[in-house]
Amino acid sequence: MSDTVEERRKRPLDNDVLTPRTQAEVQSDLLSKDALVVAFDLLRGDDAGIAFGGDTHYCIGATLARLEGRIAIDSLLSHFPEMELARPAVFAPHLSIRKMSSSPVRLRPARG
């Protein structure tokens, strides 16, 4: 991964997930190679989510995103309190995140 970081710094690619990170700056300094090699640990467990990062790379919008998610889910459940899974969720293979590709549900509006 370390070699790939150096390669992306020398030759950036369009539509590449790593290129923007190799050019990201914190207080006018490029992120170190070590910091970039850590946001790609392929050996971490299934329960190690990276959606909002961590440590010095924690997402500044994480609190707002969680609040928005909670409001959206609360609203959905208030309109469809009897919502249930129609089939088990399907997860797509992905190198760095657990990516749900579908989660079919049955919706029944609130009664009365």
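Described in the following lines is the structure provided in the data block.

Rules and cut-offs
- Residues numbered from 1 in each chain as written.
- Predicted model: local features only at pLDDT ≥ 70, side-chain atom pairs only at ≥ 80, totals over all residues.
- Heavy atoms only, no water.
- Helix = DSSP H or I, 4+ residues; strand = E, 2+ residues; numbered from the N terminus.
- Buried < 20%, exposed > 50% of the residue type's maximum accessible area, 1.4 Å probe, protein only.
- Areas by Shrake-Rupley, 256 points an atom, 1.4 Å probe, with all protein chains shown as cover.
- Salt bridge = Lys/Arg side-chain N within 4 Å of Asp/Glu carboxyl O.

Here we look at the overall build of the protein
When helices and strands are counted, the protein shows 4 helices and 6 strands. Each helix and strand of the protein, ordered N terminal to C terminal, gives the series α-α-β-β-α-α-β-β-β-β. Across the 112 residues that make up the protein, the buried fraction comes to 10%. Carbon and sulfur atoms provide 56% of the accessible area of the protein, an area that totals close to 9,100 Å².

A look at the pattern of salt bridges
The final tally for this structure, using the stated rule, is 5 salt bridges. Of the charged contacts in the structure, one is a salt bridge between Arg70 and Asp74, with a shortest N-O distance of 3.9 Å. Of the two residues, Arg70 and Asp74 are both situated in helix H4 (residues 62–79); the distance of 4 residues between them amounts to about one turn of the helix. A relative accessible area of 59% places Arg70 in the exposed class. Accessibility expressed as a relative area gives 43% for Asp74, which makes it partly exposed. Across the pair Glu84 and Arg106 runs a salt bridge whose closest N-O atoms are separated by 3.5 Å. One end of the pair, Glu84, is in strand S3 (residues 84–85); the other, Arg106, is in strand S6 (residues 105–106), with 22 residues separating them in the sequence. Glu84 gets classed as partly exposed once you look at its relative accessible area, which sits at 34%.

Side note on the environment of Asp34
Residue placement: Asp34 occurs in helix H3 (residues 33–37). Spatially, the C-alpha atoms of Asp34 and Ser2 are 7.8 Å apart, while their sequence positions differ by 32 residues.

What about the environment of Leu77?
Its place among the elements puts Leu77 in helix H4. The partly exposed category is assigned to Leu77, whose relative accessible area is 37%. Note: C-alpha distance between Leu77 and Leu107 (30 residues apart in sequence) is 9.7 Å.

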